[in-house]
Amino acid sequence: MNTLTDSELKSYLKRIHIDDIKPATLEFLSELHRAHVQYLSWQTIDIFTGRPEAIDLANSVRLVLQGRSGYCFHLNGAFSILLRSLGYEVQWHRAGVQPHGEQPRVNSFHLGLSVLLPEAGPETERWIVDVGLGGMPFEPLPLRYEVYGEAPFTYNLTSSSVASEGWRLEYEPHGPSEGVDYAPEVIHTLDEFITNHHFYSQSAESPWHHVFLLRQRNAVASNELRGCMLRTHTAEGIHKTEIESYTAWREVLDGVFYEPLVRYSELERVEMWERIRAGHEEWKRTQQV
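Calculation criteria
- Residue numbers restart at each chain and count upward from 1, following the sequence in its written direction.
- The predicted origin of the model limits local features to residues at a pLDDT of at least 70 and limits the giving and counting of side-chain atom pairs to 80 or more, whereas totals for whole chains, interfaces and linings rest on all residues.
- Side-chain numbers here rest on the full set of heavy atoms in the structure, without hydrogens or water.
- The way it works is that DSSP assigns letters per residue, a run of H or I at least four long becomes a helix, a run of E at least two long becomes a strand, and they are numbered from the N terminus.
- In a helix, the anticipated span is given by 1.5 Å times the number of residues less one.
- A 1.4 Å probe rolled over the protein chains alone gives each residue an accessible area, and that area as a share of the maximum for its type sets the label: buried under 20%, exposed over 50%, partly exposed in between.
- Any pair of nitrogen or oxygen atoms within 3.5 Å is treated as a polar contact; in protein, a donor-acceptor pairing is required on top of that, and neighbouring residues in sequence qualify only through side-chain atoms on both sides.
- Only heavy atoms enter the contact rule, under which two residues are in contact if any of them lie within 4.5 Å.
- The criterion is simple. A nonpolar core is a set of buried Ala, Val, Leu, Ile, Met, Phe, Trp, Tyr and Cys residues joined through side-chain atoms within 4.5 Å.
- Any Lys or Arg side-chain nitrogen located within 4 Å of an Asp or Glu carboxyl oxygen qualifies as a salt bridge.

1. Considering helix H8 (residues 266-288)
Compared with an ideal rise of 1.5 Å per residue, which puts 23 residues at 33 Å, H8 spans 33 Å between its outermost C-alpha atoms and is within 8% of the ideal. Within H8 the residues assigned to the buried category are Arg269, Met272, Trp273, Ile276, Arg277 and His280.

See below:
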């Protein structure tokens, strides 16, 4: 899949609350990026339920058009097709996320994107876009090494210590991971990511195995729902809320994460909540020991 059909393009844009197709400028790229991270949450729902989705481009786009989302491979894969359909030059890169307490890596457990934009003058500037991490910047960043954003959402773009001539984007101080490193080489297929996707989505050793997790960014907050615990990070600080009822849980999914669970029947949604709540109560008992 290289580009979307006209009807697919209109449906995709409607999904992220954009009405009009505009020229392929930096301004429109920023609008698309903001809308994508706000209305398409990063999530592990299908992994949690044991029904993971393939990461081929056609399937990733299908998820978006059906009112669903996914995690990094799905979100960045689909976004790259959207951008190409709108006239942007998009490149894929091997990347790796550094969890807290671990070392930087480029291990192809993350699909990185960059966009080349012809700006004033003959030179072409590369922009970093990433809609597949949940805790990442709200807007594209130029590939120029400096600190971007305003507190508490500041991001440091610097050279990578593990990828020659690559770059590293360090999360804001209370982000879900330390940062992500990108290799500069352009790749042209998703083949090397498939094995890692299988590990993430099916292995009992995966960090997302049996974890119900959604992440979302908007202009003023970074939100995370882990099971029935909502974590909201704003300029005022970090606020945690325990969701105590099925109705409240669905309201948070719909109102904060734009995730209506369209794939699942009402019975499956209730069973999902009961499993999550039971796991949460068991966790609370272990904390009291």
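Next comes the rest of the description.
2. Section: the side chain of Arg68
Checked against the element boundaries, Arg68 lands in the loop between helix H4 (57-65) and helix H5 (72-85). Look at Arg68 and you get buried, because its relative accessible area is 6%. Here Asp46 takes part through its side chain, which lies 3.1 Å from a polar atom of the side chain of Arg68. Engagement of the side chain of Arg68 in a polar contact is seen with the side chain of Glu53, the distance being 2.9 Å. Contact partners of Arg68, with chain neighbours within four places excluded, come to Arg15, Leu40, Asp46, Glu53, Arg62, Leu63, Val262 and Arg263.

3. Topic: the environment of Ser30
Structurally, Ser30 can be placed in helix H2 (residues 26-39). Looking at Ser30, the relative accessible area reads 12%, which means it is buried. Expressed as a C-alpha distance, the spacing of Ser30 and Phe138, which sit 108 residues apart in the sequence, is 8.6 Å.

4. Digging into the nonpolar core
Formed by 48 residues in total, the largest nonpolar core has its most connected members in Leu32, Phe79, Leu82 and Tyr88. For this core, the elements supplying multiple residues, two or more each, are helix H1 (6-15), H2, H4, H5, strand E2 (89-98), strand E3 (110-118), strand E4 (124-129) and helix H6 (191-202). Here this core gets eight residues from one element, more than from any other, and that element is H5. Ranked by size, the runner-up nonpolar core spans 18 residues in total, among them Leu214, Ile243, Val252 and Trp273.

5. With respect to the pattern of salt bridges
Pairing between side chains of opposite charge can happen when the charged atoms of each approach one another. This model, assessed by the stated rule, comprises 22 salt bridges. Across the salt bridge formed by Arg168 and Glu170, the nearest N and O atoms sit 3.1 Å from each other. Given a relative accessible area of 8%, Arg168 falls into the buried group. Notably, a salt bridge pairs Glu242 with Arg277, separated by 2.9 Å at the nearest N-O pair. Placement of the pair is Glu242 in strand E13 (residues 237-242) and Arg277 in helix H8, with a sequence separation of 35 residues. Here Arg277 falls in the buried class, since its relative accessible area comes to 15%.

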